[in-house]
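Listed below, chain by chain, are the residues.
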Amino acid sequence: MAERTPLISGNWKMNHNHLDALALVQKLSYHLGGHNYDKVEVSVHPPFTDLRTVQTAIESDRMKFSLGAQNCYFEESGAFTGEVSPLFLAKLNVKYVIVGHSERREIFGETDDDVNRKVKAVFKAQMTPIMCCGETLEERESGGAQAKVAGQIRAGLAGVPDSQIAAMVIAYEPIWAIGTGRTATPDDAQEMCGAIRAVVAEVAGGDAAAAVRIQYGGSVKAGNAAELMSQPDIDGALVGGASLVADDFAGIITYRS
Ligand code: PGA
(Lines give C-alpha, C1' and ligand atoms only; values in the text may rest on other atoms or scores of the structure.)
Protein backbone atom coordinates (compact mmCIF):
# COMPACT_ATOMS: atom_id res chain seq x y z
CA MET A 1 0.00 0.00 0.00
CA ALA A 2 1.23 3.50 -0.81
CA GLU A 3 2.61 5.51 2.09
CA ARG A 4 0.12 8.23 3.02
CA THR A 5 1.32 11.00 5.33
CA PRO A 6 -1.50 11.74 7.79
CA LEU A 7 -2.97 15.24 7.60
CA ILE A 8 -4.41 16.82 10.74
CA SER A 9 -6.48 19.89 9.92
CA GLY A 10 -7.86 22.46 12.33
CA ASN A 11 -11.19 23.88 11.12
CA TRP A 12 -11.71 26.97 13.24
CA LYS A 13 -15.14 27.66 11.75
CA MET A 14 -16.44 31.16 12.62
CA ASN A 15 -14.17 31.55 15.64
CA HIS A 16 -11.21 33.84 16.40
CA ASN A 17 -10.64 37.29 14.89
CA HIS A 18 -7.27 37.93 13.26
CA LEU A 19 -5.60 38.90 16.54
CA ASP A 20 -6.79 35.77 18.33
CA ALA A 21 -5.76 33.74 15.28
CA LEU A 22 -2.24 35.12 15.44
CA ALA A 23 -1.96 34.29 19.13
CA LEU A 24 -3.25 30.77 18.50
CA VAL A 25 -0.81 29.85 15.72
CA GLN A 26 2.08 31.26 17.71
CA LYS A 27 1.10 29.22 20.75
CA LEU A 28 0.57 26.11 18.65
CA SER A 29 3.94 26.48 16.98
CA TYR A 30 5.58 26.86 20.37
CA HIS A 31 3.85 23.72 21.71
CA LEU A 32 4.94 21.73 18.68
CA GLY A 33 8.58 22.77 18.83
CA GLY A 34 9.98 19.26 18.45
CA HIS A 35 7.25 17.85 16.22
CA ASN A 36 8.32 15.83 13.16
CA TYR A 37 6.23 17.25 10.33
CA ASP A 38 7.43 14.61 7.89
CA LYS A 39 5.34 12.09 9.79
CA VAL A 40 2.19 14.14 10.40
CA GLU A 41 1.29 17.19 8.33
CA VAL A 42 -0.74 19.98 9.92
CA SER A 43 -3.07 22.54 8.33
CA VAL A 44 -4.93 25.40 9.98
CA HIS A 45 -8.14 26.82 8.51
CA PRO A 46 -8.93 30.23 9.98
CA PRO A 47 -11.78 32.50 8.86
CA PHE A 48 -11.12 34.45 5.63
CA THR A 49 -10.44 37.70 7.48
CA ASP A 50 -7.57 36.03 9.38
CA LEU A 51 -5.83 34.41 6.43
CA ARG A 52 -3.37 37.17 5.59
CA THR A 53 -2.34 37.55 9.22
CA VAL A 54 -1.83 33.81 9.69
CA GLN A 55 0.00 33.53 6.36
CA THR A 56 2.42 36.27 7.41
CA ALA A 57 3.05 34.59 10.78
CA ILE A 58 3.63 31.18 9.20
CA GLU A 59 6.02 32.54 6.60
CA SER A 60 7.97 34.99 8.73
CA ASP A 61 8.43 32.55 11.62
CA ARG A 62 8.90 29.55 9.28
CA MET A 63 6.13 27.63 11.03
CA LYS A 64 5.58 24.23 9.45
CA PHE A 65 1.81 24.54 9.15
CA SER A 66 0.03 24.55 5.83
CA LEU A 67 -2.49 27.34 5.46
CA GLY A 68 -6.05 26.30 4.74
CA ALA A 69 -9.40 27.91 4.01
CA GLN A 70 -12.87 26.75 5.00
CA ASN A 71 -14.66 27.37 1.72
CA CYS A 72 -14.46 29.29 -1.56
CA TYR A 73 -16.65 30.00 -4.57
CA PHE A 74 -16.27 28.10 -7.83
CA GLU A 75 -16.03 31.14 -10.09
CA GLU A 76 -12.78 33.08 -10.37
CA SER A 77 -14.18 36.63 -10.42
CA GLY A 78 -17.28 38.63 -11.18
CA ALA A 79 -20.58 39.80 -9.73
CA PHE A 80 -20.83 37.36 -6.82
CA THR A 81 -21.30 39.63 -3.82
CA GLY A 82 -19.82 38.23 -0.66
CA GLU A 83 -18.03 35.28 -2.24
CA VAL A 84 -14.29 34.55 -2.26
CA SER A 85 -12.40 33.46 -5.37
CA PRO A 86 -10.10 30.44 -5.26
CA LEU A 87 -7.49 32.63 -6.98
CA PHE A 88 -7.49 35.02 -4.01
CA LEU A 89 -6.82 32.11 -1.68
CA ALA A 90 -4.04 30.74 -3.85
CA LYS A 91 -2.43 34.19 -3.80
CA LEU A 92 -2.22 33.93 0.00
CA ASN A 93 -0.40 30.59 -0.35
CA VAL A 94 -3.42 28.66 0.84
CA LYS A 95 -2.74 24.98 0.23
CA TYR A 96 -5.91 23.21 1.36
CA VAL A 97 -9.53 24.32 0.96
CA ILE A 98 -12.33 22.56 2.81
CA VAL A 99 -15.19 21.96 0.39
CA GLY A 100 -18.72 20.82 1.18
CA HIS A 101 -18.50 20.82 4.97
CA SER A 102 -21.83 19.59 6.36
CA GLU A 103 -22.45 23.04 7.85
CA ARG A 104 -22.16 24.53 4.34
CA ARG A 105 -24.48 21.87 2.99
CA GLU A 106 -27.05 22.04 5.80
CA ILE A 107 -27.09 25.74 6.76
CA PHE A 108 -26.18 27.33 3.42
CA GLY A 109 -27.81 24.84 1.06
CA GLU A 110 -24.73 23.71 -0.84
CA THR A 111 -25.54 20.90 -3.22
CA ASP A 112 -23.42 18.01 -4.45
CA ASP A 113 -23.12 19.89 -7.73
CA ASP A 114 -21.75 22.99 -5.96
CA VAL A 115 -19.27 20.76 -4.15
CA ASN A 116 -18.17 19.18 -7.43
CA ARG A 117 -17.62 22.59 -9.04
CA LYS A 118 -15.67 23.76 -6.01
CA VAL A 119 -13.42 20.68 -6.07
CA LYS A 120 -12.58 21.46 -9.71
CA ALA A 121 -12.10 25.19 -9.03
CA VAL A 122 -9.73 24.51 -6.13
CA PHE A 123 -7.60 22.24 -8.28
CA LYS A 124 -7.65 24.75 -11.14
CA ALA A 125 -6.17 27.31 -8.73
CA GLN A 126 -3.38 24.83 -7.85
CA MET A 127 -4.68 24.07 -4.34
CA THR A 128 -5.92 20.83 -2.79
CA PRO A 129 -9.54 20.29 -1.78
CA ILE A 130 -10.54 18.56 1.43
CA MET A 131 -13.95 17.32 0.34
CA CYS A 132 -16.32 16.51 3.19
CA CYS A 133 -19.01 13.88 3.31
CA GLY A 134 -21.11 12.30 6.02
CA GLU A 135 -24.53 11.04 7.01
CA THR A 136 -27.17 12.30 9.43
CA LEU A 137 -28.22 10.33 12.49
CA GLU A 138 -31.47 9.24 10.80
CA GLU A 139 -29.55 8.00 7.80
CA ARG A 140 -27.24 5.99 10.02
CA GLU A 141 -30.09 4.55 12.08
CA SER A 142 -32.08 3.56 9.01
CA GLY A 143 -29.07 1.79 7.47
CA GLY A 144 -28.64 4.37 4.72
CA ALA A 145 -25.28 5.80 5.77
CA GLN A 146 -23.08 4.09 3.19
CA ALA A 147 -25.43 4.87 0.31
CA LYS A 148 -25.59 8.53 1.32
CA VAL A 149 -21.81 8.87 1.59
CA ALA A 150 -21.14 6.90 -1.61
CA GLY A 151 -23.55 9.22 -3.44
CA GLN A 152 -21.77 12.31 -2.11
CA ILE A 153 -18.40 10.92 -3.18
CA ARG A 154 -19.51 9.96 -6.69
CA ALA A 155 -21.19 13.33 -7.23
CA GLY A 156 -18.31 15.31 -5.74
CA LEU A 157 -15.72 13.53 -7.89
CA ALA A 158 -17.66 13.52 -11.17
CA GLY A 159 -15.40 14.57 -14.03
CA VAL A 160 -12.36 15.08 -11.79
CA PRO A 161 -9.23 13.50 -13.33
CA ASP A 162 -7.91 10.39 -11.57
CA SER A 163 -4.55 12.05 -10.90
CA GLN A 164 -6.29 14.88 -9.03
CA ILE A 165 -8.43 12.46 -7.06
CA ALA A 166 -5.24 10.67 -6.00
CA ALA A 167 -3.83 13.97 -4.70
CA MET A 168 -6.90 15.20 -2.81
CA VAL A 169 -8.20 14.69 0.70
CA ILE A 170 -11.63 13.35 1.64
CA ALA A 171 -13.01 14.00 5.12
CA TYR A 172 -15.60 11.60 6.48
CA GLU A 173 -17.59 13.47 9.11
CA PRO A 174 -20.76 11.85 10.42
CA ILE A 175 -23.02 14.83 11.10
CA TRP A 176 -24.19 13.38 14.41
CA ALA A 177 -20.58 13.40 15.67
CA ILE A 178 -19.76 17.02 14.81
CA GLY A 179 -19.54 19.25 17.86
CA THR A 180 -21.59 16.80 19.90
CA GLY A 181 -18.86 15.06 21.88
CA ARG A 182 -20.13 11.84 20.31
CA THR A 183 -17.38 10.23 18.25
CA ALA A 184 -17.87 7.36 15.82
CA THR A 185 -16.25 4.23 17.20
CA PRO A 186 -12.91 3.49 15.54
CA ASP A 187 -14.54 0.42 13.93
CA ASP A 188 -17.46 2.40 12.51
CA ALA A 189 -15.15 5.16 11.27
CA GLN A 190 -12.84 2.58 9.68
CA GLU A 191 -15.74 0.78 8.04
CA MET A 192 -16.96 3.97 6.36
CA CYS A 193 -13.48 5.18 5.40
CA GLY A 194 -12.81 1.76 3.86
CA ALA A 195 -16.10 2.00 1.95
CA ILE A 196 -15.12 5.48 0.72
CA ARG A 197 -11.80 4.13 -0.54
CA ALA A 198 -13.67 1.38 -2.38
CA VAL A 199 -15.90 3.97 -4.07
CA VAL A 200 -12.81 5.97 -5.06
CA ALA A 201 -11.36 2.77 -6.57
CA GLU A 202 -14.49 2.32 -8.67
CA VAL A 203 -14.47 5.94 -9.79
CA ALA A 204 -10.76 6.56 -10.30
CA GLY A 205 -8.98 3.19 -10.10
CA GLY A 206 -6.86 1.37 -7.55
CA ASP A 207 -3.85 3.68 -7.67
CA ALA A 208 -5.92 6.76 -6.86
CA ALA A 209 -7.73 4.87 -4.10
CA ALA A 210 -4.43 3.81 -2.55
CA ALA A 211 -3.11 7.37 -2.65
CA VAL A 212 -6.12 9.47 -1.59
CA ARG A 213 -6.00 10.58 2.03
CA ILE A 214 -9.16 10.08 4.07
CA GLN A 215 -9.62 12.03 7.27
CA TYR A 216 -12.10 11.29 10.02
CA GLY A 217 -13.85 14.25 11.65
CA GLY A 218 -16.36 14.60 14.48
CA SER A 219 -15.40 15.26 18.09
CA VAL A 220 -11.77 14.22 17.63
CA LYS A 221 -9.82 14.86 20.84
CA ALA A 222 -6.34 14.06 22.15
CA GLY A 223 -7.84 11.10 24.01
CA ASN A 224 -9.37 9.37 20.96
CA ALA A 225 -7.02 10.48 18.15
CA ALA A 226 -4.50 7.64 18.42
CA GLU A 227 -7.12 4.90 18.18
CA LEU A 228 -8.91 6.54 15.26
CA MET A 229 -5.65 7.19 13.43
CA SER A 230 -4.45 3.62 13.89
CA GLN A 231 -7.22 2.39 11.57
CA PRO A 232 -5.88 1.33 8.18
CA ASP A 233 -8.08 3.61 6.07
CA ILE A 234 -7.93 6.71 8.30
CA ASP A 235 -5.17 9.09 7.24
CA GLY A 236 -5.77 12.09 9.42
CA ALA A 237 -8.38 14.14 11.21
CA LEU A 238 -10.49 17.21 10.55
CA VAL A 239 -10.80 18.83 13.94
CA GLY A 240 -13.24 21.57 14.92
CA GLY A 241 -13.67 22.45 18.60
CA ALA A 242 -10.42 20.94 19.83
CA SER A 243 -8.40 22.89 17.24
CA LEU A 244 -9.36 26.20 18.88
CA VAL A 245 -7.17 25.58 21.91
CA ALA A 246 -3.42 25.22 21.30
CA ASP A 247 -2.82 22.56 23.97
CA ASP A 248 -5.73 20.44 22.81
CA PHE A 249 -4.82 20.63 19.13
CA ALA A 250 -1.15 19.92 19.88
CA GLY A 251 -2.27 16.86 21.86
CA ILE A 252 -4.04 15.53 18.77
CA ILE A 253 -1.16 16.31 16.39
CA THR A 254 1.29 14.47 18.63
CA TYR A 255 -1.00 11.44 18.96
CA ARG A 256 1.91 9.15 18.12
CA SER A 257 4.11 10.25 20.98
P1 PGA B 1 -15.75 18.98 15.90
O2 PGA B 1 -15.96 19.50 14.39
O3 PGA B 1 -14.34 18.46 15.99
O4 PGA B 1 -16.00 20.17 16.75
O5 PGA B 1 -16.74 17.88 16.11
C6 PGA B 1 -15.43 18.81 13.30
C7 PGA B 1 -15.76 19.53 12.02
O8 PGA B 1 -16.89 20.02 11.87
O9 PGA B 1 -14.92 19.62 11.10
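Residues numbered from 1 in each chain as written. Predicted model: local features only at pLDDT ≥ 70, side-chain atom pairs only at ≥ 80, totals over all residues. Heavy atoms only, no water.

(A) Quick look at the site of the ligand. In the vicinity of the ligand lie 13 residues, with K13, H101, E173, G179 and S219 positioned nearest. K13 places a polar side-chain atom, nitrogen or oxygen, 2.7 Å from an oxygen atom of the ligand. The separation between an oxygen atom of the ligand and a polar side-chain atom of E173 is 2.7 Å. Its free accessible area being 280 Å², the ligand has 95% of it covered by the protein chains. Residues of the shell around the ligand, tallied by class, amount to four nonpolar, seven polar and two charged. (Near = heavy atom within 4 Å. Polar contact = N/O pair within 3.5 Å; in protein donor to acceptor, adjacent residues only side chain to side chain. Areas by Shrake-Rupley, 256 points an atom, 1.4 Å probe, with all protein chains shown as cover. Nonpolar A, V, L, I, M, F, W, Y, C, P; charged D, E, K, R; others polar.)

(B) Spotlight on the layout of surface pockets. The volume enclosed by the largest pocket comes to roughly 520 Å³. In terms of lining residues, the largest pocket is bounded by 18 residues, among which M14, Q70, N71, R104 and F108 are the most central. It is helix α4 (residues 102-108) that provides the largest number of residues to the lining of the largest pocket, a total of four residues. Looking at the lining of the largest pocket residue by residue, the class counts come to nine nonpolar, five polar and four charged. (1 Å grid on protein atoms, 1.4 Å probe; cavity = no way out; pocket = protein on both sides within 12 Å on 5 of 7 lines; lining within 4 Å. Points joined across faces, edges and corners; volume = space filled by probe spheres on them. Helix = DSSP H or I, 4+ residues; strand = E, 2+ residues; numbered from the N terminus.)

(C) Main features of the pairing of strand β8 (residues 236-239). Of the two faces of β8, the one carrying G236 and L238 and the one carrying A237 and V239 are both buried. With four bridges connecting them, strand β1 (residues 7-11) and β8 associate as parallel partners. When the bridges of β8 are listed, L7 appears paired with G236. Bridge count between strand β7 (residues 213-217) and β8: two bridges; the pairing is parallel. Opposite Y216, over in β8, you have A237 as the bridge partner. Handedness of the β7-helix α11 (residues 222-229)-β8 crossover: right-handed. (Buried < 20%, exposed > 50% of the residue type's maximum accessible area, 1.4 Å probe, protein only. Pairing = 2+ DSSP bridges. Right-handed = clockwise from strand over helix to strand, strands pointing away.)

(D) Examining the pairing of strand β5 (residues 128-133) more closely. Of all six residues making up β5, six are buried, and the element is well covered by its neighbours. Across four bridges, strand β4 (residues 94-99) lies against β5 in parallel orientation. In the sheet register, V97 faces β5, and the bridge partner there is P129. Bridging between β5 and strand β6 (residues 169-172) involves four bridges; their strand directions are parallel.

(E) Broad picture of helix α1 (residues 18-31). With 14 residues, α1 should cover 20 Å at 1.5 Å per step; its first-to-last C-alpha distance of 20 Å lies within 8% of that length. Close packing links the buried residues of α1 with β2 (41-45), α2 (51-60) and α12 (246-253). Regarding α1, its N-cap is N17, as a side-chain oxygen of that residue lies 2.9 Å from the backbone nitrogen of L19 further along. (Expected span 1.5 Å × (residues − 1). Contact = heavy atoms within 4.5 Å.)

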